[in-house]
Every structure is written in structure tokens, then in C-alpha cells.
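The chain contents come next:
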Amino acid sequence: MNAFFWRCLKGFSLLAAVSIIVAWATENEYGLVVLSTGLLLWLLFHLWHLRALLQWLHDPQPDKIPDGYGNWDQVFSLLYRQSRQQSLSQKKLANVLERFINAGEAMPDGVVVLDELDRIEWFNPMAVEHFSLNRKQDIGSQDIGSQIANLVRQPGFHAYLTEQQYSQPQILRQMRSGGELVLSVQLVPFDSTRKLLLSRDITQLERVQTVHRDFVANVSHELRTPLTVVGGFLETLSDMPDVDSQTLRQFLPMMMEQAKRMQNLVEDLLTLSRLESNPISSAHDVVEMEDMLRTLLIEAEGLSQGRHQVVLAEVAPINLSGETSELHSAFGNLVSNAVRYTPEGGTITLRWRIAGKGTDHERAVFSVTDTGIGVAREHIPRLTERFYRVDRGRSRGTGGTGLGLAIVKHVLARHHARLEVDSELERGSTFSVVFPSDRLISVEDSEH
Ligand code: ADP
């Protein structure tokens, strides 16, 4: 401020001094002319700068600031500094805002910002999916400014919005072309008048909970029947203090059969839970397939008790990398099913072969073919579900737990293998396990 004052004072003093000297030299004739000309020039100098300032203010960009002289130079450089700072902080704010918007758009949950009258101010792409909102462009969307209650018409949502009890989420269900969509929505007040509407797709979670509930119900149901039978026998026996050995001989095998059924079920459940709790198998034994097939053949003959013809038709000279006991249990389940679902006189054929040899899709296939009752086409996709049986009575009658193929599915997933089922009702089935080439070891390599 002082510099400004002194600079002005210096200018005026100079002009006054020149005017006085001229007045003195010309005996008063031209002193006033010099003074007024100097003042006029001074006025023009400022008007010229003022015009430049006004022009710049119409489009105040830091790099277009005009050049100035004297005090104006100082004014313009201060303006330049301020407008630069302002544009930098504007850029920073725009960046922060963009980052927030990008984060909001990338969120896996739906987000809708509502104003004090529950009108939509902003929403992200997930909210579009959850509430079928219209999002042509960020600002151009016709749903911006609409009442949320007019767009989200699921029963219960309107009450949730008006009751203002937002501490608990609300579950909304809606039918879509791909099935039911279950959303958990919650309103979160912020900024004293605004609200955030958050939505999360819990369809999958609900499905898992339903499967879990069904599983518990199935297990209880499976255990209840043998338990009731054993309990009934025990009650009868306890009412007969002098029970004779013939009655005992009649009851005990039946009780043992039920106990065995429960034991099988518990064993299968434990196997399944062990497989499920660790979906990746860490073991890489060399599974000697010839030995495995011979063992399976003996086991099949043991189960069949001479009622079927069991054939080992093909044994490729290929071994597998995996866990021997798990694969034995999976193959054993397929063999045991073939025996159990093939009437007397039928044939069961085991094969271990290479398919697509020499191609990019070389694979090894273990298959069990039977001439049994077969499975109707519509049941095939569901056979590996836990407790899924085509004929409940037949399965139980032959000691089935309904978990065999579920176990097979888990074991195969741990070995990157897949199950293929080819079956025809009343003619028989082929259950094939297909192993990718990276699991195969030639017999010569296994010997080294
Ligand atoms: P289960 O203990 O009932 O045999 P699984 O999971 O092993 O349970 O098999 C599921 C269902 O698949 C069986 O109940 C049966 O209906 C059908 N199934 C499995 N293997 C065969 C087969 N080889 N022939 C006909 N049906 C079969």
C-alpha cells in the first residue's frame, strides 16, 4: 500500500514540478497546459488499463491476463495469482468429485440419492438394475427429479419410506425374466434433509439359506425313520422282560440294518462336509488306475453277489494325478449305483479309456455302463443334488443315502474332472468321469 502511495505521489510531484518550471520559464503561460495535458494522459493511461481489465473479466482465464504498467502491473499480477489458485482448486475439487462419482458408479450395491421430498437426485448403474430406473445419460435421465415411491412400487417399500424407521433394512421381492430378485434395501439419512437409498442383491444368499434349511430338514427326515424303527423295537423289547432268543434273533438284524443305515448316512455327511470345507485337493498321488479298476471289479462282484455280470472292458495305460482314496470313493459310488439300480441278470461294464488322442482335447474317461432301470431325461441335471432321488423307496431299499452322486460331484471338482450321464429309461445308463489331459500320467512316467 505504501509503495502504491509513494508511486502516485512521485508521479504527481514530477508533473507539478515540470508544470511549475514551465510556468516559471514561460512566465505563467504554459504551466497550466502542461499540468492538464499530464493529467489527461494520466487519465487515459488508467482508462486504457480499466478497459483491458473489463475485457479480461468477461472471460477470466489466468493465461489471458493483460499486461499492465505501474500500479496496474501489480493489480494484474495479483489477479493472475488469484485466478490461477482458483482454477487449481477448482480442478482439484472436480477431480475429487469425479473420483466420488466413479466410486459410486463402481459400487456393487445400488445407490440412489434422494432430496428432502424423496425425489431422485442421482443414482448409480446398479440402482438402474435393481429398480429398473431409466439412465440414458447422467443428467438427461428422465427419472432424475422423480419421486422414488412412484418408481419403486414393490409392496412394503412405500410404508418403509413413510414410517421413517430406517434402522433395519427392508426385503423387497420382485419377479424378473430370469427368476425372482430379492433385494435388501436401507435408507440412510444424511445432510439433515437428504437420504441415501442403498440396495443389495441377496438372491444368492437367500438361495443358499434355503438350500441350508432344506438340507437340515432332509437330514432330520432321513435320520427320523431309522431312529423311530430302532426306538420302536427297543420299546417292544423293554415291554417283554422274558424275551426269548428267537424273538431276539428276529429283531436284532432289523435293528442292525437301521443302525447301519444311520451310520452310512453320518459317514456320507462327514465326507461331504470334509470335501465342502476344502474345495481344493492338495494331494497329488499317482493313482494306479489298473489296480484301482481291479479293486472296483472285485468290489462290484462282492456287492452283486453273483446277480450280475461284471466286466472290465478296457484299461488304458494311463495313470492319474490326484487323491487315491477320494477317487476310489467316487468311482466306487458309481459302481455301487450301477449294481443297485440294475435288476438281476444285467451287465455292468467298467472302462478306462483315452478320448481325443493326439488332439488338443485329449482326455481320459472312466465309465460305468449298466443295463439297469435308467433315468428319465428330466431327472439327469438334478442327480448330483444332495438327497435327490428318482425313486426314494428304491434308493432306501438298496441302502442308498441320496448323497453318493453329491460326493462324486465334489471329488471330481477337486480333480478338475466332470461327470457326464447318458441314460435311457428301462435300458440302462453310462456314468462317465472325464479327466483333463493335465491330470494324466503315462504308465512309463509313473514308474520312474
Ligand atoms: P442314492 O443313495 O439314492 O443312490 P445317489 O446320489 O448315488 O443316491 O444317486 C441319486 C439318484 O440317482 C438315485 O437315487 C437314483 O435315482 C439315480 N441313479 C444313480 N445312479 C443310477 C443308475 N446307475 N441307474 C439308475 N439310476 C441311478
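### Considerations on the domain arrangement of the protein chain
Argument step 1. Domain boundaries assigned for the protein chain yield domain 1 (2-99), domain 2 (107-201), domain 3 (206-277) and domain 4 (285-447).
Argument step 2. Put simply, the middle of domain 2 and the middle of domain 3, counted by C-alpha atoms, are 50 Å apart.

### As for the site of the ligand
Argument step 1. In the region of the ligand, 21 residues are neighbours, and Arg-340, Tyr-341, Ser-395, Gly-402 and Leu-405 sit closest.
Argument step 2. Note that an oxygen atom of the ligand is positioned 2.7 Å from one of the side-chain N or O atoms of Tyr-341.
Argument step 3. Gly-402 places a polar main-chain atom, nitrogen or oxygen, 2.8 Å from an oxygen atom of the ligand.
Argument step 4. For the ligand, the accessible surface in isolation is 520 Å², of which the surrounding protein chains cover 98%.
Argument step 5. Judged by its atoms lying within 2 Å of the grid points, the ligand is housed in the largest pocket.
Argument step 6. Contributions of two or more residues to the shell around the ligand are made by helix H10 (324-340), helix H12 (404-414) and strand E12 (428-436).
Argument step 7. A total of three residues in the shell around the ligand trace back to one element, the largest contributor, which is H10.
Argument step 8. Partitioning the shell around the ligand into residue classes produces ten nonpolar, eight polar and three charged.

### Details of the packing of helix H1 (residues 2-25) against helix H2 (residues 31-58)
Argument step 1. Viewed as axis vectors pointing N to C, H1 and H2 meet at an angle of 155°, and their least axial separation amounts to 7 Å. On the basis of the axis angle, H1 is roughly antiparallel to H2. Crossing angle aside, the handedness with which H1 passes H2 is right-handed. In this structure, H1 contributes Phe-12, Leu-15, Val-18, Ser-19, Val-22 and Ala-23 to the contact, and H2 contributes Gly-31, Val-34, Leu-35, Gly-38, Leu-39 and Trp-42.

### Some details on the sheet that holds strand E8 (residues 318-322)
Two strands in a sheet stick together by hydrogen bonds in their backbones, pointing the same way (parallel) or opposite ways (antiparallel).
Argument step 1. Strand order in the open sheet formed by three strands is E6-E8-E13, and the pairing between neighbours is antiparallel. Only two strands of the sheet have a single partner each, and these edge strands are strand E6 (285-287) and strand E13 (440-442). In this sheet, adjacent strand axes meet at a mean angle of 40° when their direction is disregarded.
Argument step 2. Both E6 and E8 contribute to a ladder of three bridges, which runs antiparallel. In the strand pairing of E8, Val-287 is matched with Leu-320.
Argument step 3. In the packing of H10 onto the sheet, contacts are made with E6 and E8, and the angle to E8 comes to roughly 110°.

### Regarding the pattern of salt bridges
Argument step 1. According to the stated counting rule, one finds 16 salt bridges in the structure shown.
Argument step 2. Between Lys-195 and Asp-118 there is a salt bridge whose closest N-O contact spans 2.5 Å. Remark: Asp-118 occurs in the loop between strand E1 (110-114) and strand E2 (120-123) and Lys-195 occurs in strand E5 (residues 194-201); sequence separation between them is 77 residues.
Argument step 3. The exposure class of Lys-195 is buried, given its relative accessible area of 8%.
Argument step 4. For the salt bridge of Arg-294 with Glu-290, the shortest nitrogen-to-oxygen distance reads 3.4 Å. With Arg-294 and Glu-290 both in helix H9 (residues 289-304) and four residues apart, this pair spans about one turn of that helix.
Argument step 5. Overall, the relative accessible area of 41% leaves Arg-294 in the partly exposed class.
Argument step 6. It is possible to trace a salt-bridge network through shared partners that takes in Glu-222, Arg-389, Arg-392 and Arg-396.

### Some thoughts on the sheet that holds strand E7 (residues 309-315)
Argument step 1. What the five strands build is an open sheet, ordered E7-E9-E10-E12-E11; its pairing is mixed. Each edge of the open sheet is held by one strand with a lone partner, namely E7 and strand E11 (418-424). If you compare each strand with its neighbour and ignore which way they point, the axes differ by 15° on average.
Argument step 2. Across eight bridges, strand E10 (residues 363-370) lies against E12 in antiparallel orientation.

### Looking at the layout of surface pockets
Argument step 1. Its volume calculated, the largest pocket comes out at about 1100 Å³.
Argument step 2. Broken down by secondary-structure element, the contributors of at least two residues to the lining of the largest pocket are helix H8 (245-277), H9, H10, helix H11 (392-397), H12 and E12.
Argument step 3. The dominant element in the lining of the largest pocket, judged by the number of residues it contributes, is H10, at eleven residues.
Argument step 4. Its residues assigned to classes, the lining of the largest pocket shows 19 nonpolar, 17 polar and ten charged.

### Observations regarding H10
Argument step 1. With 17 residues, H10 ought to run about 24 Å at 1.5 Å a step, and its terminal C-alpha atoms sit 24 Å apart, in line with that.
Argument step 2. In terms of residue burial, H10 counts as a mostly covered element, since 13 of its 17 residues are buried.

### Quick notes on the packing of helix H7 (residues 203-238) against H8
Argument step 1. With their axes 10 Å apart at the nearest point, H7 and H8 run at an angle of 160° to one another. Judged by the angle between their axes, H7 and H8 are roughly antiparallel. For H7 against H8, the interelement crossing comes out left-handed.

### Description of the pairing of strand E9 (residues 347-355)
Argument step 1. Strand direction decides the pairing type here: E7 and E9, joined by six bridges, are parallel. Residue pairing for E9: Gln-309 is matched across the bridge by Thr-347.
Argument step 2. Note that E9 and E10 share eight bridges and pair antiparallel. The residue of E10 that forms the bridge with Leu-350 is Val-368.

### What about empty space enclosed by the protein?
Argument step 1. Tallied over the entire structure, the rule returns one cavity of 30 Å³ or more.
Argument step 2. Each pocket or cavity is described by its volume, and for the largest cavity that value is around 80 Å³.
Argument step 3. Taken together, Glu-222, Pro-226, Arg-261, Met-262, Asn-264, Leu-265, Arg-389, Gly-399, Gly-400 and Thr-401 make up the full set of residues lining the largest cavity.
Argument step 4. Here the element with the most residues in the lining of the largest cavity is H8; it accounts for four residues.
Argument step 5. Classifying every residue of the lining of the largest cavity gives three nonpolar, four polar and three charged.
Argument step 6. Looking at which domains feed residues into the lining of the largest cavity, each of domain 3 (206-277) and domain 4 (285-447) supplies at least three.

Rules behind the numbers
Residues numbered from 1 in each chain as written. Predicted model: local features only at pLDDT ≥ 70, side-chain atom pairs only at ≥ 80, totals over all residues. Heavy atoms only, no water. Domains from an automatic or database assignment. Near = heavy atom within 4 Å. Polar contact = N/O pair within 3.5 Å; in protein donor to acceptor, adjacent residues only side chain to side chain. Areas by Shrake-Rupley, 256 points an atom, 1.4 Å probe, with all protein chains shown as cover. 1 Å grid on protein atoms, 1.4 Å probe; cavity = no way out; pocket = protein on both sides within 12 Å on 5 of 7 lines; lining within 4 Å. Sits in = over half its atoms within 2 Å of the grid points. Helix = DSSP H or I, 4+ residues; strand = E, 2+ residues; numbered from the N terminus. Nonpolar A, V, L, I, M, F, W, Y, C, P; charged D, E, K, R; others polar. Axes fitted to C-alpha atoms, helices over the stretch in contact; angles between N-to-C directions. Parallel < 35°, antiparallel > 145°, perpendicular 65-115°, else oblique. Left-handed = near helix turned anticlockwise from the far one by under 90°. Contact = heavy atoms within 4.5 Å. Pairing = 2+ DSSP bridges. Salt bridge = Lys/Arg side-chain N within 4 Å of Asp/Glu carboxyl O. Buried < 20%, exposed > 50% of the residue type's maximum accessible area, 1.4 Å probe, protein only. Points joined across faces, edges and corners; volume = space filled by probe spheres on them. Expected span 1.5 Å × (residues − 1).

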